[in-house]
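Residue-level structural notes
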Amino acid sequence: MTSQPLDRRRVLARGAAGLSALLLAGCDRLSAAPWWRDVLESAEKLTERTQRALLSSEALAPEYAETDISPLFRANGTTDPQDDAYRALAASDFQDWRLAFDGLVENPQSFSLMDLRAMPARTQITRHDCVEGWSCIGKWTGVPLAALMELVRLKPEARYLVFHCADSLGVELDDSGQYYESLALVDARHPQTILAYDMNGEILSVPHGAPIRLRVERQLGYKMAKYVMRVEAVADFASMRRGRGGYWEDRGYEWYAGI
Ligand SMILES: Nc1nc2c(c(=O)[nH]1)N[C@H]1C(S)=C(S)[C@@H](COP(=O)(O)O)O[C@H]1N2
Ligand SMILES: [Mo]
């Protein structure tokens, strides 16, 4: 009966996708209306609550075979960060790159790529679904985020992890335009949540987020921050940037992007 949770998951995914499509079809004028925002938010809360109730926190996203890997994995959003600090790091093959893990932690740390590669790794072949309506299957290798969380020891007040990225997208709103994302701790600790440094058996390339990018396999593509520079444990993200927990969330996307 191992297929049962998967079947349920598929039904659920279809329901959620249908709902998202419906919501995305809603025009800008509608999304500006406060009552509509409330409808969106309660729909999102319902999706999150339903999925958390039906799927155990350990339920895995489907994994695929080597033969299923997409010959060409599309790159999306930022594909070549122009930010000076990032360009300098990339120019020396990220030898001076460090991942900071700080915020509400007992033991803040800074990891080099060597440090991360020396830790136990996980490899998974999964399907990436972008909210724009395309999917690709890829193989990802990296360090489980749960292992890093153990090393830094979260304080009891910590409720979310925020991922700060190297790249800036549009600066059209009143913030820096720097990409960021956030996850609830239960999703951060999920066994398929990894900071990936290899893709399809090769070193992660710049278009796909070098030197490391997040993989959160039960959520949509925009949750999977590329070019991660810093992980910050926080109690709340309401006072950060525009308050919705991510670059695209600040521009109207759902924070809980479960699929
Ligand atoms: N730092 C950063 N992370 C990002 C983005 C981005 O523009 N900047 N785009 C997101 C979106 S919308 C998707 S679909 C995936 C794309 O990952 P890919 O380029 O490996 O396909 O990265 C996500 N993470
Ligand atoms: Mo996306």
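Placed above this text is the structure.
Quick look at the structure, then. Small disclaimer: the values here were computed from a predicted structure and weren't measured.

Aromatic ring pairs: the centre-centre distance and the angle between the two ring planes describe each pair. Throughout the structure, instances matching the rule amount to ten aromatic pairs. Between Tyr 86 and Tyr 227, the ring centres sit 5.3 Å apart and the planes meet at 80 degrees, which makes this aromatic pair edge-to-face. With Tyr 86 in helix H4 (residues 84-91) and Tyr 227 in the loop between strand E9 (213-215) and strand E10 (228-234), this residue pair connects regions lying 141 residues apart in the sequence. Given the relative accessible area of 3%, Tyr 86 is considered buried. Ring centres 5.1 Å apart and planes at 90 degrees place the aromatic pair Tyr 247 and Trp 248 in the edge-to-face group. What makes Tyr 247 buried here is its relative accessible area of 3%. Aromatic rings pair up to connect Tyr 179, Tyr 222, Tyr 247, Trp 248 and Tyr 253 into one cluster. Over the face of the ring belonging to Tyr 247 we find Arg 251, whose NZ or CZ atom lies 3.7 Å from the ring centre.

Taken together, five strands build an open sheet; the order of strands is E2-E1-E10-E5-E6 and the sheet is mixed. Strands at the two margins of the open sheet, each flanked by one partner only, are strand E2 (109-111) and strand E6 (178-184). For this sheet, the mean inter-axis angle between neighbouring strands, taken without regard to orientation, is 20 degrees. Examined bridge by bridge, strand E1 (residues 99-103) and E10 share four bridges and lie parallel to one another. Bridge pairing links Asp 102 to Glu 232 in E10.

Rules used in this analysis
Residues numbered from 1 in each chain as written. Chains lettered and ligands numbered in written order. Predicted model: local features only at pLDDT ≥ 70, side-chain atom pairs only at ≥ 80, totals over all residues. Heavy atoms only, no water. Phe/Tyr/Trp six-rings, centres within 6.5 Å; stacked < 30°, edge-to-face > 60°. Helix = DSSP H or I, 4+ residues; strand = E, 2+ residues; numbered from the N terminus. Buried < 20%, exposed > 50% of the residue type's maximum accessible area, 1.4 Å probe, protein only. Lys NZ or Arg CZ within 6 Å of the ring centre and 35° of its normal. Pairing = 2+ DSSP bridges. Axes fitted to C-alpha atoms, helices over the stretch in contact; angles between N-to-C directions.

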